[in-house]
Amino acid sequence: MSDVKELIKNKIEATPFSGNGSLQALLKTGLQVLEQEGIPTVKHEEWKYTRIASVLNKNYHYAVEKTGVSKTDVDVVRLPGYESANELVFVNGVYHAELSKILSPKDELDILTLSEAVKTDYKAIVDKHLGHSAQYHKDGINAMNNVLAYEGLFISVKKNKKLSNPVYCYYINDARSAKILSQPRTLIHVGANAEVFFVEEEITLGTDDSFINRIAEIVVEDNAQLHIYKIQNEDSHSNCVKTTHIRQIGVSKVNSVTLTLNGGMIRNNLNFILEAPGCESHMYGLYCVKGETHIDNHTIVDNVQPNSFSNELYKGIIDEKATAVFNGKIFVRQDAQKTNAYQSNKNVLLSNEATVNTKPQLEIFADDVKCSHGCTVGRLDEEALFYLRARGVGEKAAKALLLYAFAGEILDKIELEPIRKYAEEIIAERLDFDL
Amino acid sequence: MLSIKNLQARIEEKEILKGINLDIKPGEVHAIMGPNGSGKSTLASVLAGRSDYEVTGGEVEFNGKDLLELSPEDRSREGLFLAFQYPIEIPGVSTTNFIKTAVNEVRKYKGQDPMDAVEFLKKMKEKMKLVEIDQSLLTRSLNEGFSGGEKKRNEIFQMAMLEPSLAILDETDSGLDIDALRIVAEGVNKLRDGNRSFLVITHYQRLLDYIVPDYVHVLYKGKIVKSGGKELALELEEKGYDFIKEELGESVEA
């Protein structure tokens, strides 16, 4: 751990960053928290099942300036539908404009670094929202990224604009010659009446260890719609903590789908803060893991104002020695009357060595609300399997059919066609299902 | 076609079938009746290959093959069809997709090419008429939210699509009102072609008013204790199962 701290300290010293703005404030408090809290161990309630310290305790390089990533490398990682997508490329945590491709006009999509943004009219937004996720994650992981947030990116989706080009974000770690730690940071502002699709993917090049500690803070204004999809399909030496912190500050609608297929240790923090009355939030997740992949989905829905609706459905298919963690918190504050909040986590274990830890957590301070939660952990339904086999479908095909149907409920939630098709293909392949 | 000799089976430690003998020839319709707990559904399950049951003795020959040696899917591919008493709901799988998979798996087993889309649709339309089932029902998730009648019609529809040589109907009449019963029975009757055989398992005579059997067998305590023609069903309806017990010299109160 001291290695990581040391690394960051050196980095800050090498890039002096002085002043009194919000970025500097974040750096200072980040350093304090990092010092006080350190990297969480399993004694930390929020990190009980995810041994993050053991994964961080490696001789990583924090190398943002020099990268050998070329356009040809980016070609390899592109997702289907990229032809009509804005493509933002981050290498070792830092945005690279020369590798990126922006199709949307500037009056629809504006992209600049956070240090630039604070010198423009965006300053008020940055000051107000950057670092808000720290209120929900008081630990060294979040703090570490805060320290380096000044290298982050500000993305503005302009008000009244419905983007016809989705925004694909590729977070590339170049681990071809060294172990790489990266700390990408984004602040995304979705203006009033705007609509946008984001697709995010992490990629590690090379075979060395990789760790991405990423924070995306997103602000959604009145009457805006945000769709955000994540595809996690990395190698076993790639690890990450991904924090997506969404503040719905106006009456708005957000759809989130997170797909996980492969990786080393993966931790997703997904927070929805519903700060306006009448917000709508949909959170879907599918983890279809095997090998020794560890997938930990921590979600928070914080209902601050009345009349909001949130629906959460996470499904898991866990095979071989893979482990899954699901922790879903729902807060309903005193003022948040007439909240409707639903949560469900369903798991199918395919091997005796597969593990799942699932924990719903509801804290309700209002008295007129509808909340439900439930979780299931089980094997494939033997009755259903027999039914299919009794109609001539072979055992293997019947299993695949049932599992794909189980997964399909989540895949159907992806509204961006090339991405949904791609997701269907990779999940079908994983489950040996003949599409 | 089907020859059952001294079949014995148990679930966990409980003996349920205690020596069943039954011969079914092509084109015949046999009915098995019996009080609750006599082993009717167990017989259907054992023939279809449900793994909860352990066969402890006897033989079953089906179209010249040792049925008990075959996996459930191979039994189906060889031409055996079980219409479930409680058809399973499978969210996310439409009947259309499922039956297409099933039809093509059977074809593959027989060394035939998969059915092309046009041919498949034509066949589906034809069979849908048979059981008065609506297309919209078939595009929905398999049996999910279906009424009792819709589920049973879906079973007969699948039977029609798979064209088995022997169809076992496990209490197909249970949970059906008289209209649904009529539709289902008419569907079955249209599938009687002189070669296809049926084993109709039922508690009540009612179903046999519509699907008229060639033979009726009474199953009691794991054995066939009486066999006869279709008039036996009427006799059972009139006198109840007690008369069987009396014939066997058992106390009716017991």
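Before reading further, recall that the structure is shown in the block above.
Procedures and definitions
For every chain, the first residue of the written sequence is number 1, and numbering continues from 1 along that sequence. Here the convention is simple: chains get letters from A, ligands get numbers from 1, in the order in which they are written. Local features in this predicted model are restricted to residues of pLDDT 70 or higher, and side-chain atom pairs are both shown and tallied only at a pLDDT of 80 or more, whereas totals for entire chains, interfaces and linings draw on every residue. Processing note: side-chain calculations cover all non-hydrogen atoms of the structure and skip hydrogens and water entirely. Elements are defined by DSSP. Helices are runs of H or I of four residues or more, strands are runs of E of two residues or more, and each kind is numbered from the N terminus. What the globule rule says is 2.2 Å times the number of residues to the power 0.38, and the radius of gyration is computed from C-alpha atoms. Exposure categories follow from relative accessible area, calculated using a 1.4 Å probe and restricted to protein chains: below 20% of the type maximum is buried, above 50% is exposed, and the middle band is partly exposed. Here, residues are in contact when the closest pair of their heavy atoms is within 4.5 Å. Residue burial considers only the protein chains on display, and all accessible areas are found by Shrake-Rupley using a 1.4 Å probe. Charge counting treats Lys and Arg as positive and Asp and Glu as negative, with His and both chain ends excluded. For charged residues, the charge sits on one atom: NZ in Lys, CZ in Arg, CG in Asp, CD in Glu. Reported buried area values correspond to the accessible surface (1.4 Å probe) lost by two parts on association, with both partners' losses combined. By salt bridge we mean one thing: a side-chain nitrogen of Lys or Arg within 4 Å of a carboxyl oxygen of Asp or Glu. Identification of polar contacts relies on pairs of N or O atoms within 3.5 Å, with a donor-acceptor requirement for protein atoms, meaning one able to donate a hydrogen and the other able to accept it, and with residues adjacent in sequence counted only if both atoms are side-chain atoms. At least two bridges found by DSSP between two strands is the condition for calling them paired. For helices, the axis comes from a line fit to the C-alpha atoms of the stretch in contact; other axes are also lines fit to C-alpha atoms, and the angle between any two N-to-C directions lies between 0 and 180 degrees. Between 65 and 115 degrees an angle is taken as roughly perpendicular, under 35 as roughly parallel, over 145 as roughly antiparallel, and anywhere else as oblique. By the definition used in this description, the sense in which the near helix is turned from the far one sets the handedness, with an anticlockwise turn below a right angle giving left-handed and a clockwise turn giving right-handed. Gly counts as polar in this scheme, as do all residues outside two lists: the nonpolar Ala, Val, Leu, Ile, Met, Phe, Trp, Tyr, Cys and Pro, and the charged Asp, Glu, Lys and Arg. The span one expects for a helix is its residue count, reduced by one, times 1.5 Å. Residues enter a nonpolar core if they are buried and are Ala, Val, Leu, Ile, Met, Phe, Trp, Tyr or Cys, with the set joined through side-chain atoms within 4.5 Å. Domain delimitation in this document rests on an assignment produced automatically or drawn from a domain database. Detection works on a 1 Å grid of protein atoms alone, calling trapped sets that fit a 1.4 Å probe cavities and calling open sets with protein on both sides within 12 Å along at least five of seven lines pockets, with lining residues defined by an atom within 4 Å of a point. Grid points are joined across faces, edges and corners, and a volume is the space filled by probe spheres set on the points.

Student: Help me understand the overall build of chain A in this model?
Tutor: Assigned secondary structure in chain A consists of 10 helices and 20 strands. In summary, chain A has a C-alpha radius of gyration of 21 Å against a globular reference of 22 Å for 435 residues, a match within 12%. Across its three principal directions, the C-alpha atoms of chain A cover 70 × 55 × 45 Å. When the 435 residues of chain A are sorted by exposure, 60% land in the buried category. Expressed as a percentage of contacts within chain A between residues at least 6 apart in sequence, the contacts between residues at least 24 apart total 85%. By element, 47% of the accessible surface of chain A is carried by carbon and sulfur atoms, the whole surface being about 16,600 Å². The distance from the centre of the 48 positive side-chain charges to the centre of the 59 negative ones in chain A is 2 Å.

Student: What should I look at first to understand the overall build of chain B in this one?
Tutor: Within chain B, the secondary structure is distributed over 10 helices and 12 strands. Compactness check: chain B gives a C-alpha radius of gyration of 18 Å against a globular reference of 18 Å for 254 residues, within 12% of the reference. A total of 254 residues make up chain B; the buried ones form 55% of that total. Split by element, the accessible area of chain B, about 11,300 Å² in all, is 45% carbon and sulfur. Charge centroids of chain B, computed over 34 positive and 44 negative side chains, lie 3 Å from each other.

Student: Honestly, the interface of chain B and chain A in this entry has me stumped. Any pointers?
Tutor: Opposite the 29 residues of chain B that make contact, chain A presents 16 residues. Counting each side, the surface lost to burial between chain B and chain A is near 1,800 Å², with a carbon and sulfur contribution of 65%. Three residues stand out in chain B for area buried against chain A, namely Glu73(B), Ile88(B) and Phe98(B), and they jointly supply 27% of the buried area on that side. At the junction of chain B and chain A, the tally comes to three salt bridges. Arg50(B) is the partner of Glu383(A) in a salt bridge, and the nearest nitrogen-oxygen pair spans 2.7 Å. At the junction of chain B with chain A, the criterion picks out 13 residue pairs in polar contact (both at pLDDT 80 or more).

Student: Which parts of the structure should I look at to understand the sheet that holds strand β5 (residues 65–66) of chain B?
Tutor: Strands pair in a sheet through their backbones, by hydrogen bonds, and they do so in one of two ways: parallel or antiparallel. Residues and elements named next belong to chain B. The antiparallel open sheet is built from four strands, whose spatial order is β2-β1-β4-β5. Looking at which strands have only one partner, the edges of the open sheet turn out to be β2 (14–24) and β5. Judged from the eight bridges that link them, strand β1 (residues 2–11) and strand β4 (residues 53–62) form a sheet pairing that is antiparallel. By the bridge assignment for β4, Arg10 is matched with Glu54. Of the strands in this sheet, β1, β2 and β4 are in contact with helix α1 (residues 40–48), which crosses β1 at around 105°.

Student: Would you explain unusual backbone geometry in this entry?
Tutor: Peptide bonds are mostly trans, and most non-glycine residues show a negative phi. Phi is positive for Asn307(A), close to 65°, though the residue is something other than glycine. With a phi angle near 50°, Asn6(B) is a residue other than glycine that sits in the positive phi range. Note that Asn6(B) resides in strand β1.

Student: What is the right way to look at the packing of helix α2 (residues 22–37) of chain A against helix α7 (residues 140–147) of chain A in this model?
Tutor: Residue and element names in this part refer to chain A. The geometry of α2 relative to α7 is characterised by a closest axis approach of 8 Å and an angle of 150° between their N-to-C directions. With respect to their mutual orientation, α2 and α7 come out roughly antiparallel. As α2 packs across α7, the resulting crossing turns out to be left-handed. Within the contact between the two elements, α2 uses Leu26, Leu27, Gly30, Leu31, Val33, Leu34 and Glu37 and α7 uses Gly140, Ala143, Met144, Asn146 and Val147. Here the residues of the contact of α2 with α7 are counted per class, giving eight nonpolar, three polar and one charged.

Student: Looking at this structure, I do not really get helix α3 (residues 95–109) of chain B. What am I missing?
Tutor: It helps to recall that an α-helix has 3.6 residues per turn; residues three or four apart then point in one direction. Residue and element names in this part refer to chain B. Compared with the 21 Å implied by 1.5 Å per residue over 15 residues, the 21 Å span of α3 between its first and last C-alpha is a close match. Taken as a whole, α3 has its buried residues at Thr95, Thr96, Phe98, Ile99, Ala102, Val103, Asn104, Glu105, Val106 and Arg107. Positive backbone phi, at 75°, marks Gly111, one or two positions downstream of α3.

Student: What exactly am I supposed to notice about the nonpolar core here?
Tutor: Note that soluble globular proteins tend to have their nonpolar side chains buried in a common cluster. Judged by nonpolar contacts, the single largest core of 133 residues is most densely connected at Leu388(A), Ile427(A), Ile4(B), Leu47(B) and Ile90(B). At 10 residues, the largest contribution of residues to this core is made by helix α9 (residues 395–411) of chain A. Two domains share this core, each providing at least three of its residues, namely domain 1 (2–276) and domain 2 (381–435) of chain A. Leaving out residues up to four positions away in the same chain, Leu388(A) has contacts with Val393(A), Ala398(A), Leu401(A), Leu402(A), Ile90(B) and Phe98(B). If you look at the next biggest cluster of nonpolar residues, it comprises 50 residues, including Val301(A), Ile330(A), Ala336(A) and Ala354(A).

Student: In this structure, what is going on with the sheet that holds strand β9 (residues 166–170) of chain B? I would like to understand it.
Tutor: Residue and element names in this part refer to chain B. Spatially, six strands are ordered β6-β9-β10-β3-β11-β12 in an open sheet, and the strand pairing comes out mixed. Each edge of the sheet is formed by a strand with only one pairing partner; in this case those strands are β6 (80–83) and β12 (223–228). When the angles between neighbouring strand axes are averaged without regard to direction, this sheet yields 20°. Pairing between strand β3 (residues 29–33) and strand β10 (residues 197–202): five bridges, direction parallel. Bridge pairing links His30 to Leu199 in β10.

Student: I keep staring at the layout of surface pockets and nothing clicks. Help me out?
Tutor: It is the rolling of a water-molecule-sized probe over the atoms that shows where space remains empty. Quantified by volume, the largest pocket comes out at close to 900 Å³. Forming the walls of the largest pocket are 26 residues, and the residues nearest its centre are Leu401(A), Phe433(A), Asp434(A), Leu435(A) and Thr101(B). For the lining of the largest pocket, the secondary-structure elements that each account for two or more residues are α9 of chain A together with β7 (90–94) and α3 of chain B. Of the residues forming the lining of the largest pocket, the biggest block, nine residues, is contributed by α9(A). A per-class count over the lining of the largest pocket returns 10 nonpolar, seven polar and nine charged. Taken as a whole, the second largest pocket encloses approximately 480 Å³ of empty space.

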